[in-house]
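Close look at the chain arrangement
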Amino acid sequence: MNKKGAGGIVLVVVIIAVISLMITGAIIYLVLKPDNIITKPKCGDNICDANENWKSCLKDCDKPLKAFCGDKVCETKEVGVCLADCPKNSVCGDGICSLNEDCEEDCEITPPPSPVCGDNVCNTGETCSSCSADCGSCPITPPITGESHFGVEGTGREFRNEMNIAGVEITREWIQWNRIERVEDNYNWAEMDTIVMSANNAGIKVLGIFLMMPSWAKLDPNCNKADFCESKDINDFREFTKDVAERYDGNHGHGEIEYFEIINEIPVPLSFEFDNTDDLGYGEWLINGYNGVKQGNPEAKVLIGSFINPIASQDKYVKPFIDEMLENYNQYYDIVGFHVYETEENVKVTTQYIKEKMDNFGINKPMWITETATLLMSGTPDALNEIARDVVKRYSRAFVEGVEKISWYRFRGDPVPEDGVQNVGRAKVFGLGYGTKGTAEYTPRPAYTAYKTMTSKLAGFSSVNKITDTQYKFTVDGEDVYVLWCDAGTCSIPSEITGTVKVTDYLGNEQTLDASQITLSDSPVFVEI
């Protein structure tokens, strides 16, 4: 064959090869172009793809209000009528959930999110013990240390009648070591006897707190940087606590102190000269105070020196100190005490923190809030009424979290301009009432009235249940008493409250209403069916 003929053959072969490649490429494009590719739908991308339907991916595909032919879900009534949704032969992976089709790819319903504590739903498996945030706290049982719930920070021997009228059941009174034993081994009991007897005669229990270390008992008699400084002999404190507990055991004619608190707010420098050890140097004081009290009166109950609010405090010692006391010193107190100021909502958070820590260390002891109050600066709009409303809110929140006793700080405070008193400066508003220092004056504030209204409705309650964060049901003498308010927006009353009811506002104003007429606001009301 000549060269010209050979070249022609090669050219023909090349042309045929090119045409073949072009045809192959076209076929591949037609087969693989995006419109023809069936991909597994990606559930959760917020796009209802061609191969997704509301049964296979409810996250992406909304369920139609009414089934229709072409919605890619085979309903019973569509069988034999709508071949688009109900083909004669179902094919797994065709994007159609045929009737009775067992195909995870086409018919899997996206499972609901797993229940979590804090989603505001009391889910199966959650209880008041495992998730109080959703299910509410477990009802508290009758207190193991008596039926008194309502306390105050006292003012000595004065105002017992006013306390009694307000419904105060326990008063926290100072046992001032430096006034009783100014000189070593030389006691003057007159003032303390009067304080204890006056409370007992008014039917009010006493929580005594050991304060004011005398200079003779200090290692450095000139130490004045703290209420309690390093001791020259810790046995002096043990002996003093023993003598106090014995004198006021109720059997010697001087009255009775049933509860004793061993010093106050340990990590506060002005209260206690602490060191850098794990127990801040408080351990020996607690041990000797506890042993002294029990030696003087084995029936008396001992409170640990009340903890500072661990949620609000920025002090680096507070939380580690609480852990140390709960883990390693729990045999030296009968009751856990702590303080809560800040906002009234903080009562719940702080109490839950203390309770969780106690649970972690296996401690089952009563909890008391030995100081609480809403401290507003005079000049704050509506300050006196806001404090009054918070009296009811603080006590309700604490009781439902399992706190046994609560003391308002204080029973009497100094006057502020809002009290209508002339020539007084602005200051934080302390006290359910007020009076001028050095006098026997006592003038109730709205907070006093709120406290009295609260105790008149709830004294002697045997249990309390949380309905919502602002709705609580107390059981008092077998009857239900509801405490209700609404922090924001519109709140409905519990569905179980129906018919004609008695409604009492926080200032004691009563009216009879049909339940449908109750309108909740940030002012608490008491509702009795």
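I will try to describe carefully the structure that is included in this document. Per chain, residues are indexed from 1 in the order of the written sequence. Per-residue local features of the predicted model are confined to residues with pLDDT of at least 70, and side-chain atom pairs are confined, for both listing and counting, to 80 or more; whole-chain, interface and lining totals are unaffected and use all residues. In computing side-chain values, all of the structure's heavy atoms are included and hydrogens and water are not.

Quick notes on the sheet that holds strand β7 (residues 367-372)
- In short, DSSP must find at least two bridges between two strands for them to pair. Helix and strand definitions here come from DSSP, where helices need a minimum of 4 consecutive H or I residues and strands a minimum of 2 consecutive E residues; each element is numbered from the N-terminal end. What the eight strands build is an open sheet, ordered β5-β4-β3-β2-β1-β8-β7-β6; its pairing is parallel. One side of each edge strand has no neighbouring strand; the edge strands of this open sheet are β5 (301-303) and β6 (336-340). Here the strands of the sheet are splayed against their neighbours by 30 degrees on average, with no regard to which way each runs.
- The pairing of strand β3 (residues 205-211) with strand β4 (residues 259-261) spans three bridges and is parallel. Note that in β4 the partner of G208 across the bridge is F260.
- In this description, contact between two residues means that some pair of their heavy atoms is separated by no more than 4.5 Å. In this analysis an axis means a line fitted to C-alpha atoms, helices contributing only their contacting stretch, and an angle means the value between N-to-C directions, from 0 to 180 degrees. Against the sheet, helix α6 (residues 190-201) contacts β2 (170-176) and β3, and its axis sits at roughly 175 degrees relative to β2.
- Of the strands in this sheet, β2, β3 and β4 are in contact with helix α7 (residues 235-247), which crosses β3 at around 165 degrees.

Looking at the environment of D227
- Position of D227 among the secondary structure elements: in the loop between β3 and α7.
- Any residue under 20% of the maximum accessible area for its type is buried, any over 50% is exposed, and the rest in between are partly exposed; the area is computed with a 1.4 Å probe on protein chains only. A relative accessible area of 15% means that D227 is categorised as buried.
- With 43 residues separating them along the chain, D227 and L270 place their C-alpha atoms 6.1 Å apart.
- Not counting residues within four places of it along the chain, the set of residues in contact with D227 comprises L211, M212, M213, K218, L270 and S271.
- A distance of 3.3 Å separates a polar side-chain atom of D227 from the backbone nitrogen of M213. Any N or O atom pair separated by 3.5 Å or less is treated as a polar contact, with the protein-specific requirement of one donor-capable and one acceptor-capable atom, and with residues adjacent in sequence counted only for side-chain atom pairs.

Some remarks on the pattern of salt bridges
- We define a salt bridge as a contact between a side-chain nitrogen of Lys or Arg and a carboxyl oxygen of Asp or Glu at a distance within 4 Å. Tallied over the full model, the rule gives 27 salt bridges.
- Ionic pairing is found between R172 and E261, a salt bridge with its closest N-O pair at 3.0 Å. One end of the pair, R172, is in strand β2; the other, E261, is in strand β4, and 89 residues separate them in sequence. Both residues of the pair, R172 and E261, belong to the buried class.
- One salt bridge connects D334 with K294, and the closest N-O pair in it is separated by 3.0 Å. Of this pair, D334 sits in the loop between α9 (318-328) and β6 while K294 sits in helix α8 (residues 283-296); the two residues are 40 residues apart in sequence, bridging distant segments of the chain.
- Here K294 falls in the buried class, since its relative accessible area comes to 19%.
- Linked through salt bridges whose partners overlap, the residues forming this network are E153, R172, E261 and E371.

A look at the packing of α7 against α8
- Where α7 meets α8, the closest approach of the two axes is 7 Å, and the angle between their N-to-C directions is 30 degrees. Relative to α8, α7 is oriented so that their crossing is right-handed. Every residue of α8 that contacts α7 at N235, F237, R238, T241, K242, A245 and E246 is listed here: W285, N288, G289, G292, V293, Q295 and G296. Throughout, a crossing is termed right-handed when the near helix is turned clockwise from the far one, and left-handed when it is turned anticlockwise from it by less than a right angle.

Things to note about the packing of α9 against helix α10 (residues 346-360)
- With their axes 10 Å apart at the nearest point, α9 and α10 run at an angle of 40 degrees to one another. It follows that α9 is oblique to α10 by the angle criterion. Crossing handedness for the pair α9 and α10: right-handed. Residue-level contacts link K319, I322, D323 and L326 of α9 to Y353, I354, K357 and M358 of α10.
- Residues were grouped as follows: Ala, Val, Leu, Ile, Met, Phe, Trp, Tyr, Cys and Pro as nonpolar; Asp, Glu, Lys and Arg as charged; and all remaining residues, including Gly, as polar. Residues of the contact of α9 with α10, tallied by class, amount to five nonpolar, no polar and three charged. Roughly parallel means an angle under 35 degrees; roughly antiparallel, over 145; roughly perpendicular, 65 to 115; everything else is oblique.

Re the packing of aromatic side chains
- Two rings from Phe, Tyr or Trp (for Trp, the six-membered ring) form a pair when their centres are within 6.5 Å of each other. A pair whose planes differ by under 30 degrees is stacked, one over 60 is edge-to-face, and the rest are tilted. On inspection of all chains with the given rule, the structure shows 34 aromatic pairs.
- Ring plane angle 80 degrees and centroid distance 5.9 Å describe the contact between W177 and W216, whose orientation is recorded as edge-to-face. With W177 in helix α5 (residues 177-180) and W216 in the loop between β3 and α7, the pair connects residues that are 39 residues apart, well separated along the chain. There is no split in this pair, since W177 and W216 are both buried.

Things to note about the nonpolar core
- As used in this record, nonpolar core signifies buried Ala, Val, Leu, Ile, Met, Phe, Trp, Tyr and Cys residues forming a set joined through side-chain atoms within 4.5 Å. Counting 101 residues, the largest nonpolar core has Y282, W285, F307, L432 and Y451 as its most contacted members.
- By residue number, the principal contributor to this core is helix α11 (residues 383-400), which donates ten residues.
- The next biggest cluster of nonpolar side chains, apart from the first, holds twelve residues, and it includes Y482, L484, L513 and V527.

Observations concerning α7
- Its 13 residues place the ends of α7 18 Å apart at the C-alpha level, agreeing with the 18 Å of an ideal helix rising 1.5 Å per residue.
- Listed as buried for α7 are D236, F237, F240, T241, K242, D243, V244, A245 and R247.
- Among the structural elements, β2, α5, α6, β3, β4 and α8 are those in contact with the buried residues of α7. Expected helix span is taken as 1.5 Å per residue step, with the number of steps being one fewer than the number of residues.

Description of the sheet that holds strand β15 (residues 500-505)
- With antiparallel pairing, the six strands of this open sheet are ordered in space as β12-β13-β14-β17-β15-β16. Only two strands of the sheet have a single neighbouring strand rather than two, namely β12 (463-468) and β16 (510-514). Here the strands of the sheet are splayed against their neighbours by 25 degrees on average, with no regard to which way each runs.
- Sheet analysis places β15 next to strand β17 (residues 525-528), joined by four bridges and oriented antiparallel.

Things to note about the state of the cysteines
- Cysteine sulfur atoms that pair up within 2.5 Å are treated as a disulfide. Per the counting criterion, the structure on display carries two disulfides.
- The disulfide partner of C223 is C229, and the S-S distance across this bridge is 2.1 Å. Across the S-S bond of C223 and C229 the torsion is about -75 degrees, and the bridge reads as left-handed. Each member of the pair, C223 together with C229, is buried.

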